[in-house]
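Letter by letter, the chains look like this.
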Amino acid sequence: METKILKMDTAADEKLSVAAQAIKNGDLVAFPTETVYGLGANGLDEKAAAKIYAAKGRPSDNPLILHIDSIKMLAMITDKVPHMAMEIMAAFCPGPITMIVPKKIAVPDRITGGLSTVGVRMPDNDIARKLITLSGVPIAAPSANLSGRPSPTTAATVYDDLNGRIPYILDGGPSDFGVESTIVDCTESIPVILRPGAITKEMLEEIFPEVRVDPALSGKNSVPKAPGMKYRHYAPKAPMILLKGRKENMLAAFTKELSKCKKAGQSVGIIASHEVTNLLRHSYSYDYGSQNDLFHIAADLYNALRYFDDKPVDILLAEGTTEKGIGLAIMNRLKKASGQNILSAYKNN
Ligand code: AMP
Ligand code: MG
């Protein structure tokens, strides 16, 4: 199958109608959102959903998020909207947040991996919302990458992973946030964050007296409530060690680990902040931005994780961030990308 990239500049409306027709026909369309690029299909058509799993090589128990263009469209997905979800909608939607709510029978089990709940999100991206409106149905869309790989934040990275597997990619430029939506379970009495994202715990605490984080996210031995969070994810091709700790200890920790790896004859790629890469001066380095600008680091994170894939490195050393604010989402993705291969960067270690 030939994969066509439709650039959303001139004649965007015509191209959107072509893409919406593909969705109506049960085909797949990759499209931009403010978080990452999504791989979309008619969310009420189980045959179309099956194509998403096949194109990505996604495990069938990993449910899909349904994307809507308006609160009105919620009625196609659920007839029991929890009050908590309404409050989240009022405060943050459209935006990078997904609410887990009870599902209607019309939502196929294929979409929810057999669960009685479904994830729903209203993206803050005009192309995405217009595509949903023109298609007339909620659009099921996971990230538009091969399963296990870093999520795509540009049309070009979607093409790298899915060329030949899908008919259309809508190119709307780079994604704003670069990490997937915050997922909040709205089916209990207290909101529980199942996946951290750009809408932070601190932001949710401004509207709810208590907000919990799924214990499985902090590496506790429980099974994550978002089935997808149990898989290795976001992984670069080379093995990666994550250095975690206070930013003032990072340079010393990198210097030490780098020399250990070099002694072992390994060719090393560094993924680190401006502050560290500038002083370390290692030839294979990716500067992911300043530790003082976590939003920049989030937006560039998946580029960083893909950067070394075509370079001759044996091992990657990556710098962690604080776990405050959007740092919780960055660290969640880095921990997963490293397969929990984490070193603490203490002073004098
Ligand atoms: P992706 O679209 O690739 O970002 O993955 C969607 C994420 O949402 C996965 O981690 C899923 O496990 C999670 N998810 C989707 N639906 C549900 C649900 N009904 N309950 C819990 N987690 C869900
Ligand atoms: Mg994904």
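The rules behind each value
- Residues numbered from 1 in each chain as written.
- Chains lettered and ligands numbered in written order.
- Predicted model: local features only at pLDDT ≥ 70, side-chain atom pairs only at ≥ 80, totals over all residues.
- Heavy atoms only, no water.
- Buried < 20%, exposed > 50% of the residue type's maximum accessible area, 1.4 Å probe, protein only.
- Helix = DSSP H or I, 4+ residues; strand = E, 2+ residues; numbered from the N terminus.
- Arc of directions from axis to C-beta.
- Contact = heavy atoms within 4.5 Å.
- Pairing = 2+ DSSP bridges.
- Axes fitted to C-alpha atoms, helices over the stretch in contact; angles between N-to-C directions.
- Phe/Tyr/Trp six-rings, centres within 6.5 Å; stacked < 30°, edge-to-face > 60°.

Student: Help me get a handle on helix 6 (residues 155-162), residues and values and all.
Tutor: Among the residues making up helix 6, those that are buried are Ala155, Thr157, Val158, Asp161 and Leu162. Down the axis, helix 6 shows its buried residues gathered within 160° of arc, on one side only. For helix 6, the exposed residues set more than 90 degrees away from the buried face come down to Ala156 and Asp160. If you follow the buried residues of helix 6, they end up packed against strand 2 (29-31), strand 3 (38-42), helix 2 (46-56), strand 8 (168-171) and helix 10 (294-307). Glycine 164 occupies a position one or two residues after helix 6 and carries a positive phi of about 90°.

Student: Provide a residue-level description of the sheet that holds strand 6 (residues 117-121), including the pertinent values.
Tutor: With mixed pairing, the eleven strands of this open sheet are ordered in space as 1-8-2-3-7-4-6-5-9-10-11. Two strands in the sheet have a free side with no partner beyond their single neighbour: strand 1 (4-7) and strand 11 (212-213). Inspection of the sheet shows strand 10 (residues 192-195) paired to strand 11 by two bridges, in the parallel sense. Across the sheet, valine 192 pairs through a bridge with arginine 212, a residue of strand 11. Contacting strand 1, strand 2, strand 3 and strand 8, helix 6 runs over the sheet at an angle of about 165° to strand 8.

Student: Run through the packing of aromatic side chains, naming residues and quoting values.
Tutor: Inspection of the entire model under this criterion finds four aromatic pairs. When the ring of phenylalanine 177 is compared with that of phenylalanine 295, the centres are 6.3 Å apart and the planes differ by 55°; the resulting orientation is tilted. You can see phenylalanine 177 sitting in the loop between strand 8 and strand 9 (182-185) and its partner phenylalanine 295 sitting in helix 10, a full 118 residues away along the chain. Relative accessible area serves as the criterion here: at 24%, phenylalanine 177 is assigned to the partly exposed category. With 5.5 Å between their ring centres and 25° between their planes, tyrosine 234 and tyrosine 302 make a pair best called stacked. Of this pair, tyrosine 234 sits in the loop between strand 11 and strand 12 (240-244) while tyrosine 302 sits in helix 10; the two residues are 68 residues apart in sequence, bridging distant segments of the chain. With a relative accessible area of 1%, tyrosine 234 lands in the buried category. Relative accessible area serves as the criterion here: at 1%, tyrosine 302 is assigned to the buried category.

Student: An account of the pairing of strand 15 (residues 315-319) is needed here, citing residue identities and associated values.
Tutor: With respect to burial, strand 15 is a largely interior element, five of its five residues being buried. With burial as the criterion, each face of strand 15 is covered, one bearing Ile315, Leu317 and Glu319 and the other bearing Leu316 and Ala318. With four bridges connecting them, strand 12 and strand 15 associate as parallel partners. Bridge pairing links methionine 240 to leucine 316 in strand 15. Across four bridges, the pairing between strand 13 (residues 268-272) and strand 15 is parallel. Across the sheet, residue isoleucine 270 finds its bridge partner in strand 15, namely leucine 317.

Student: Just give me the short version of the pairing of strand 8, but keep the residues and values in it.
Tutor: Neither face of strand 8 is left uncovered, since the one carrying Tyr168 and Leu170 and the one carrying Ile169 and Asp171 both have all their residues buried. As paired strands, strand 1 and strand 8 are joined by four bridges and run parallel to one another. Considered in strand 8, the bridge of isoleucine 5 is made with isoleucine 169. Two strands pair when backbone bridges link them, and strand 2 and strand 8 are joined in this way by two bridges, in the parallel orientation. In the strand pairing of strand 8, alanine 30 is matched with isoleucine 169.

What is shown is where atoms sit, not what they do.
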